[in-house]
Amino acid sequence: PIAVVGSLSKRFWGGLRVGFVRAPAPVALRVARVKATQDLGSSAVSQVMAQRLLEHPGSGGFVAARNVELRRRYAHLAAELRQRLPSWTWAEPDGGLSIWIRLPHAVAEPFAQAALRAGVAVATAASLAPDASDQHHLRLSFSARSDELTEGVHRLASAWTAFA
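Values in this document were obtained by computation on a predicted structure and should not be read as measured data. (Residues numbered from 1 in each chain as written. Predicted model: local features only at pLDDT ≥ 70, side-chain atom pairs only at ≥ 80, totals over all residues. Heavy atoms only, no water.)

1. Regarding the packing of helix α4 (residues 108–117) against helix α6 (residues 146–163)
So, point 1. It is the contact of α4 with α6, at a shortest axis distance of 9 Å, that shows an interaxial angle of 125°. The angle between α4 and α6 places the two elements in the oblique class. The handedness of the crossing between α4 and α6 is right-handed. Where α4 approaches α6, its residues Pro110, Phe111, Ala114 and Ala115 are matched on the opposing element by Leu156, Ala159, Trp160 and Phe163.
So, point 2. Each residue belonging to the contact of α4 with α6 can be placed in one class, and the counts come to eight nonpolar, no polar and no charged. (Axes fitted to C-alpha atoms, helices over the stretch in contact; angles between N-to-C directions. Helix = DSSP H or I, 4+ residues; strand = E, 2+ residues; numbered from the N terminus. Parallel < 35°, antiparallel > 145°, perpendicular 65-115°, else oblique. Left-handed = near helix turned anticlockwise from the far one by under 90°. Contact = heavy atoms within 4.5 Å. Nonpolar A, V, L, I, M, F, W, Y, C, P; charged D, E, K, R; others polar.)

Listed below in structure tokens is the structure:
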């Protein structure tokens, strides 16, 4: 059986910590039982707010506008990366708030430490993957404002020059 697990935090805002599971009834029931034993439940206020947002006639317009803005921010980040770090590669995202960068000839974890010293926190695949088979990728978010993305890429480029 296949289950889809998601959250409303990316659709509306990061502080809305309400998730969902779409699955066949037996799987959904099992997930609900496990959740009930692992926490004391989700905030009722958050759940009501999520329901109202989903039912609100204007929420579709909000989501569409947010998606346009996120595409613009991705395009800005991609342009900055192509200009300042042309050896880095990535696949254009189908959704979400981040891209996975493939670092040429470098292990991501040591570079992530260099980036942190330059003032940019990035995640590596090692910290997010079930095994350590992919050591050359790091994740960059494009959810920030354009000026912050520009500054982040500038700092990454400086760290990359010093690192490589």
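That covers the picture; the talk isn't over yet.
2. A word on the side chain of Glu80
So, point 1. Within the fold, Glu80 resides in helix α3 (residues 59–84).
So, point 2. Apart from the residues lying within four places of it in its own chain, the contact partners of Glu80 are Leu85, Thr150 and Val153.

3. Considering the pattern of salt bridges
So, point 1. Tallying each qualifying case throughout the model produces six salt bridges.
So, point 2. Glu69 is paired through a salt bridge with Arg72; the nearest N and O atoms lie 2.4 Å apart. Of the two residues, Glu69 and Arg72 both sit in helix α3, three residues apart, roughly one turn of that helix.
So, point 3. Here Arg72 falls in the partly exposed class, since its relative accessible area comes to 41%.
So, point 4. One salt bridge in this structure joins Asp147 and Arg145, with 3.0 Å as the shortest N-O distance. (Salt bridge = Lys/Arg side-chain N within 4 Å of Asp/Glu carboxyl O. Buried < 20%, exposed > 50% of the residue type's maximum accessible area, 1.4 Å probe, protein only.)

4. Focus on the sheet that holds strand β6 (residues 137–141)
So, point 1. The strand order β3-β4-β6-β5 describes an open sheet built from four strands, whose pairing is antiparallel. Looking at which strands have only one partner, the edges of the open sheet turn out to be β3 (89–90) and β5 (123–124).
So, point 2. Summarising the sheet, β5 and β6 pair through two bridges and their orientation is antiparallel. Opposite Thr124, over in β6, you have Leu138 as the bridge partner. (Pairing = 2+ DSSP bridges.)

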